[in-house]
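Listed below are the residues making up each chain.
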Amino acid sequence: MVTTDSVYVDGKLVGSIAEIVANSGNVFEPLKAALVAQNELALGGAQRTEIAKREVTIMGDKSTPYSVLKRIMVTCSDAEYGKVSFAVVERERVAT
């Protein structure tokens, strides 16, 4: 999940948007490590899943800068996730 100021994997903070922006490379290593660990945890003792079948969904707000999303996508790919999807978090509407 990508919030206005942080990135989480399975509810655990992995870094801030500022850290991703300041990162000199395209891969954000703390995110990659969390994704790899999540994949290993999900598989347990099972055989590793084919890269093409590994899926990750990036949940975020439409105000997330594209440069941040791009680095997150590249990191997901580098962590060997073959399917990357987006889900936009809708804001609650105020009843009138």
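Caption draft 1: Just the overall build of the chain, in detail. Scanning the chain from terminus to terminus reveals three helices and four strands. Sequence-ordered secondary structure for the chain, helices as α and strands as β, is β-β-α-α-β-α-β. Split into buried and exposed, the 96 residues of the chain put 30% on the buried side. Of all intrachain contacts in the chain linking residues separated by at least 6 positions in sequence, the fraction that spans at least 24 positions is 65%. Counting only carbon and sulfur atoms, one obtains 54% of the accessible surface of the chain, whose full area is about 6,500 Å².

Caption draft 2: Local environment of the pattern of salt bridges. Applying the stated criterion across every chain yields a total of two salt bridges. Between Asp-78 and Lys-32 there is a salt bridge, and its shortest N-O distance comes to 2.7 Å. Of the two residues, Asp-78 is situated in helix H3 (residues 66-78) and Lys-32 in helix H2 (residues 29-43); the sequence distance between them amounts to 46 residues. Of the residues examined, Asp-78 reaches a relative accessible area of 35% and is grouped as partly exposed. On the accessibility criterion, Lys-32 (22% relative accessible area) is partly exposed. Of the charged contacts in the structure, one is a salt bridge between Arg-54 and Glu-80, with a shortest N-O distance of 3.4 Å. Of this pair, Arg-54 sits in the loop between H2 and strand S3 (55-60) while Glu-80 is found in the loop between H3 and strand S4 (83-88), placing the two residues 26 residues apart along the sequence. Its relative accessible area of 4% is what places Arg-54 among the buried residues.

Procedures and definitions
Residues numbered from 1 in each chain as written. Predicted model: local features only at pLDDT ≥ 70, side-chain atom pairs only at ≥ 80, totals over all residues. Heavy atoms only, no water. Helix = DSSP H or I, 4+ residues; strand = E, 2+ residues; numbered from the N terminus. Buried < 20%, exposed > 50% of the residue type's maximum accessible area, 1.4 Å probe, protein only. Contact = heavy atoms within 4.5 Å. Areas by Shrake-Rupley, 256 points an atom, 1.4 Å probe, with all protein chains shown as cover. Salt bridge = Lys/Arg side-chain N within 4 Å of Asp/Glu carboxyl O.

Scope: geometric values only; no functional claims are made or implied.
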